[in-house]
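Observations on the model geometry
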Amino acid sequence: MAKYYDVHPDNPQPRTIRQAVELVRGGGLIAYPTDSCFALGCQLGNKEGMERIREIRHLDSGHHFTLVCRDFAQLGQFVRLDNTVFRAVKAATPGSYTFILPATREVPRRLLHPKKKTVGVRIPEHAVTQALLAELGEPLLSSTLLLPGDDEPMTQGWEIKERLDHAVDAVVDSGDCGTEPTTVVDFSGGAPEVVRVGAGDPSRFE
């Protein structure tokens, strides 16, 4: 059965955050809130956790996983950005955007798109996500919590606990965080290409 952590949306309790992060460090998979719907997350090197996310969401090998980063300095360790891309991404973060960029050697090969050698990265603007990332000290390997057959991501922590009780190890709940996933911008070809319109304003990249 999944543990259930009820966290304050603006001032998350440090003890509860520590408990959730200890679970992640121990190889656990969590459902957690972001600034654009709930996500599934595990530690970067957790191969089994990544496979569990694939299984829950029925994802194929071409799916871009996302490294959810605390800040721009952390993001810069995992992806390569030239000056133009750097300025564009910096201006839009933190926020509800995911950027697909060429990965550095810091990213495990199994996380890369098989042909493009790219990975998704984002910096969320959500107090609970930021608290989790600060305590963890590294990105969370993540994917939007959208189940096969569902039209929209789940928004209620209790519903996630009910449906995924045996599939995840914990649910971190801080209330409704919306159903709109991030806007995805692909920079792998140099020029920005909006590949999914979501919560972030796509006009700045069109």
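This one's a predicted model, so the numbers in the text were calculated from it and none came from an experiment.

A closer look at the overall build of the protein
Tallying secondary structure elements over the protein gives six helices and 10 strands in all. Taken over the C-alpha trace, the protein has a radius of gyration of 16 Å; the compact-globule value for 206 residues is 17 Å, and the two agree within 12%. Classification of the 206 residues of the protein by burial places 54% in the buried group. Of the contacts formed within the protein by residues at least 6 apart in sequence, a portion of 65% connects residues at least 24 apart. In the structure as shown, the protein presents an accessible area of about 9600 Å², 46% of it carried by carbon and sulfur atoms. Across the protein, the centroid of the 23 positively charged side chains sits 9 Å from that of the 28 negatively charged ones.

Observations concerning the packing of helix H1 (residues 14–25) against helix H5 (residues 127–136)
For the pair H1 and H5, interaxial distance at closest approach is 9 Å and the crossing angle is 55 degrees. When the interaxial angle is binned, H1 and H5 end up oblique. Once H1 is placed against H5, the crossing between them reads as right-handed. In this structure, H1 contributes Ile 17, Arg 18, Ala 20, Val 21, Val 24 and Arg 25 to the contact, and H5 contributes Val 128, Ala 131, Leu 132, Glu 135 and Leu 136. Looking at side-chain class alone, the contact of H1 with H5 contains eight nonpolar, no polar and three charged residues.

Some details on the pattern of salt bridges
The tally for this structure, following the rule as stated, stands at seven salt bridges. Residues Glu 51 and Arg 54 are paired through a salt bridge, measuring 3.8 Å at the closest nitrogen-oxygen approach. Placement of the pair is Glu 51 and Arg 54 together in helix H2 (residues 47–57), with a separation of three residues, close to one helical turn. Overall, Arg 54 belongs to the buried group, its relative accessible area being 14%. Of the charged contacts, one joins Asp 150 and Arg 163 as a salt bridge, the two residues approaching to 2.9 Å between their closest N and O atoms. Placement of the pair is Asp 150 in the loop between strand E7 (140–144) and helix H6 (157–163) and Arg 163 in helix H6, with a sequence separation of 13 residues. Exposure remark for Asp 150: the relative accessible area of 25% places this residue in the partly exposed category. Connected through shared salt-bridge partners, Asp 150, Glu 159 and Arg 163 make up one network.

Examining the pairing of E7
Extensive coverage of E7 is indicated by the burial of five of its five residues. Sheet topology places strand E3 (residues 38–43) next to E7; five bridges connect them, and they run antiparallel. Across the sheet, Gly 41 pairs through a bridge with Ser 142, a residue of E7.

Criteria and cut-off values
- Residues numbered from 1 in each chain as written.
- Predicted model: local features only at pLDDT ≥ 70, side-chain atom pairs only at ≥ 80, totals over all residues.
- Heavy atoms only, no water.
- Helix = DSSP H or I, 4+ residues; strand = E, 2+ residues; numbered from the N terminus.
- Rg over C-alpha atoms; globule rule 2.2 N^0.38 Å.
- Buried < 20%, exposed > 50% of the residue type's maximum accessible area, 1.4 Å probe, protein only.
- Contact = heavy atoms within 4.5 Å.
- Areas by Shrake-Rupley, 256 points an atom, 1.4 Å probe, with all protein chains shown as cover.
- Lys, Arg positive; Asp, Glu negative; His and termini not counted.
- Charge placed at Lys NZ, Arg CZ, Asp CG, Glu CD.
- Axes fitted to C-alpha atoms, helices over the stretch in contact; angles between N-to-C directions.
- Parallel < 35°, antiparallel > 145°, perpendicular 65-115°, else oblique.
- Left-handed = near helix turned anticlockwise from the far one by under 90°.
- Nonpolar A, V, L, I, M, F, W, Y, C, P; charged D, E, K, R; others polar.
- Salt bridge = Lys/Arg side-chain N within 4 Å of Asp/Glu carboxyl O.
- Pairing = 2+ DSSP bridges.

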